[in-house]
Structure formats: structure tokens, C-alpha cells
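What follows is each chain in one-letter form.
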Amino acid sequence: MTSYLRSWLYSGTSSAESPTPTVPTFQTFSPPASDEEEGEETETEQQDDDSPPAFPSLNSAQRVKSSKLPGIPSILNDSVLMPPPPVPSLSMRRPGVPDARGNSSLLVPTTTTKPPPKPTKKGGGKVALSPGHSPLDWAALKSSGADLRGVDSLMRIPPSVLKKHNKRDDAWSAFNGKVYNMTAYLPFHPGGERELMRVAGRDGTQLFASTHAWVNVDFMLDSCLVGFLVPEPSSP
Ligand code: HEM
């Protein structure tokens, strides 16, 4: 009976099963070489490869260039690049003078070939004012309340009357229809007394405008106003 049961037990299983009972086996694994690579699913053959990557990359355009494949732009190398510009010779440079190719230097020229204009004896420029006669001094004087007119009230002044006031100590002139006593202003004039005396005793509107139209004569001589220029009265 026992032998029968034993034969029935072993012969009743499927043919895939081994006739002998399977014994579980245990495999031992050695730990990875370093902790960093732990858990990474990288291929073991790459971890061990210490050789650097190919440069240029194996599929790079540089490598393709040599094969002259259509559609892939070739990369320029030093032999086909535009040559660099020539180095300018610094020793030939002169400040302010353009070089042979017309490149000008922004530096101020050290000298100029044109001599400075000689001062003319005729004048026409600014003069050195004597101490105490600056524009500020004149501004202080004219607003000091000092009598710079020399007249009690504003007058109607015909050219014949104006003509009499043509001396240094009594200089009148007309500008834009207004007559001013310029006597006090003479030593303050930046253009000099001589220039100012050219219009003494007459209408100086034109000469004034041609010299410095930007100067506000009405403001500068407001306290020197003596009257208004009127036409000569017709003789009866
Ligand atoms: C009474 C009327 C005048 C007044 C108030 C006056 C005032 C002045 C002033 C303020 C300046 C300095 C201008 C500046 O720095 O830009 C000046 C310069 C000058 N003025 Fe008169 N001026 C008068 C009449 C004249 C006249 C009649 C002449 C005749 C030519 C004259 C000739 C000059 C000249 C030559 C300068 C120097 C210009 C320069 O180099 O900048 N001025 N004057």
C-alpha cells in the first residue's frame, strides 16, 4: 500500500514538474564599488569606461564636413576665414592727423599749421576793463539810484540837439528811437570807450546791431535814458 501510494504521488504530478522535490537556492551578490552609483540603472560597461568622450562629437558637423555630405553646412576653418586687418603702425600715427587710409584720430592736435590771427590795430574786440568796471560793477552802479541821466525829465530830442552831446564827458546816443546818456557807461563798455564814442552825438542803432544785436541796450542803459529821438522840427 505504501509503495502504491508513493508511486501514485510521484506519478500524478504534471510532467513539467521534476520528480524530485525542489530545494530553494540562495545567491549572494557583492555590493557595488561606490555608493554614488547605487540605485542607478546604468549599464555596467559604461561605469567602468574611463575614456573621455570623443571631441568633436562623433556625429558633429566638423566631422561631417570632411565627408562633404550634401545639405550639411561646412564649418570654416582658419584657412578659409577672412584675414585679420593689418596692425596699424603706431609709430606713424600723429594725433589729430588722419592716416593714409583716412582714419582720423579723435585726439586734439598738438599743434596747428594755421598761425593765430594777429590783433588788428583797428580794435573790434573785447578790451581789458579797468578795476571796478566789470559788468557786475555797472549793474550795481545803475541800480544804486545815482543820477546817470544828467537831465531832470525825459525830453524830445531832435538830431541837432543830439549832435551837441558828442564829448567824452557828455556822450549821448540814440538806439531804436531812445536817447541815452552813455557818459557813465563809457569805462564799463567791454568793447572799449573808443568804439562806443563812434556813435556819440548820433543814431547808433545800425552800428550797435551790426556789432552785437544780442546785447539788450534798453536793459543795460535803462537808468541813462534822457528822452526820445524826434524828427527835426521844420523851420517856420
Ligand atoms: C551804448 C550802447 C552799447 C552797449 C550797452 C554795449 C554793450 C556791450 C556789451 C555788453 C558787450 C559784451 C558783449 C559780449 O560779451 O557778448 C559789448 C562788446 C562790444 N561792443 Fe558794445 N555796446 C554798446 C555800443 C557799442 C557800439 C556803438 C559799438 C561800436 C562798434 C560797440 C562795440 C563793441 C565791441 C567791438 C565789443 C566786443 C565784442 C566782442 O569781442 O565780443 N558797442 N558791448
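The structure we're discussing is the one just above.
The rules behind these values
- Residues numbered from 1 in each chain as written.
- Predicted model: local features only at pLDDT ≥ 70, side-chain atom pairs only at ≥ 80, totals over all residues.
- Helix = DSSP H or I, 4+ residues; strand = E, 2+ residues; numbered from the N terminus.
- Buried ≥ 20, exposed ≤ 12 C-beta atoms within 10 Å, placed from the backbone.
- Contact = placed C-beta atoms within 7 Å.
- Near = placed C-beta within 6 Å.
- Nonpolar A, V, L, I, M, F, W, Y, C, P; charged D, E, K, R; others polar.
- Pairing = 2+ DSSP bridges.

Overview of the overall build of the protein chain
And step 1. Secondary structure assignment for the protein chain yields eight helices and five strands.
And step 2. Across the 236 residues of the protein chain, 11% fall into the buried class.
And step 3. Considering only residue pairs separated by 6 or more positions, the protein chain has 63% of its internal contacts joining residues 24 or more positions apart.

Brief notes about the site of the ligand
And step 1. Neighbouring the ligand are 21 residues, the closest being P190, G191, E195, V199 and M220.
And step 2. Sorting the residues of the shell around the ligand by element identifies α6 (193-197), α7 (205-212) and α8 (217-220) as the ones contributing at least two each.
And step 3. Among the elements that take part in the shell around the ligand, α7 stands out by supplying four residues, more than any other.
And step 4. Taken together, the residues of the shell around the ligand break down into eleven nonpolar, seven polar and three charged.

Observations concerning the environment of L207
And step 1. Take L207: it is sitting in helix α7.
And step 2. Exposure remark for L207: the 15 C-beta atoms within 10 Å place this residue in the partly exposed category.
And step 3. Spatially, the C-alpha atoms of L207 and F175 are 9.6 Å apart, while their sequence positions differ by 32 residues.

Here we look at the environment of R194
And step 1. Along the chain, R194 falls in helix α6.
And step 2. You can call R194 exposed: it has 12 C-beta atoms within 10 Å.
And step 3. Spatially, the C-alpha atoms of R194 and R168 are 9.6 Å apart, while their sequence positions differ by 26 residues.

A closer look at the pairing of strand β4 (residues 178-181)
Side chains on a regular strand alternate between the two faces of the sheet.
And step 1. Burial along β4 is two-sided: the face carrying K178 and Y180 and the face carrying V179 and N181 are both buried.
And step 2. Two strands pair when backbone bridges link them, and strand β3 (residues 170-175) and β4 are joined in this way by four bridges, in the antiparallel orientation. In the strand pairing of β4, S173 is matched with Y180.
And step 3. As consecutive antiparallel partners, β3 and β4 are separated by two residues, and within that stretch N176 has a phi angle of approximately 55 degrees, a positive value.
And step 4. In this sheet, strand β5 (residues 225-229) lies alongside β4 in antiparallel orientation, the contact comprising three bridges. By the bridge assignment, V179 is partnered in β5 with G227.

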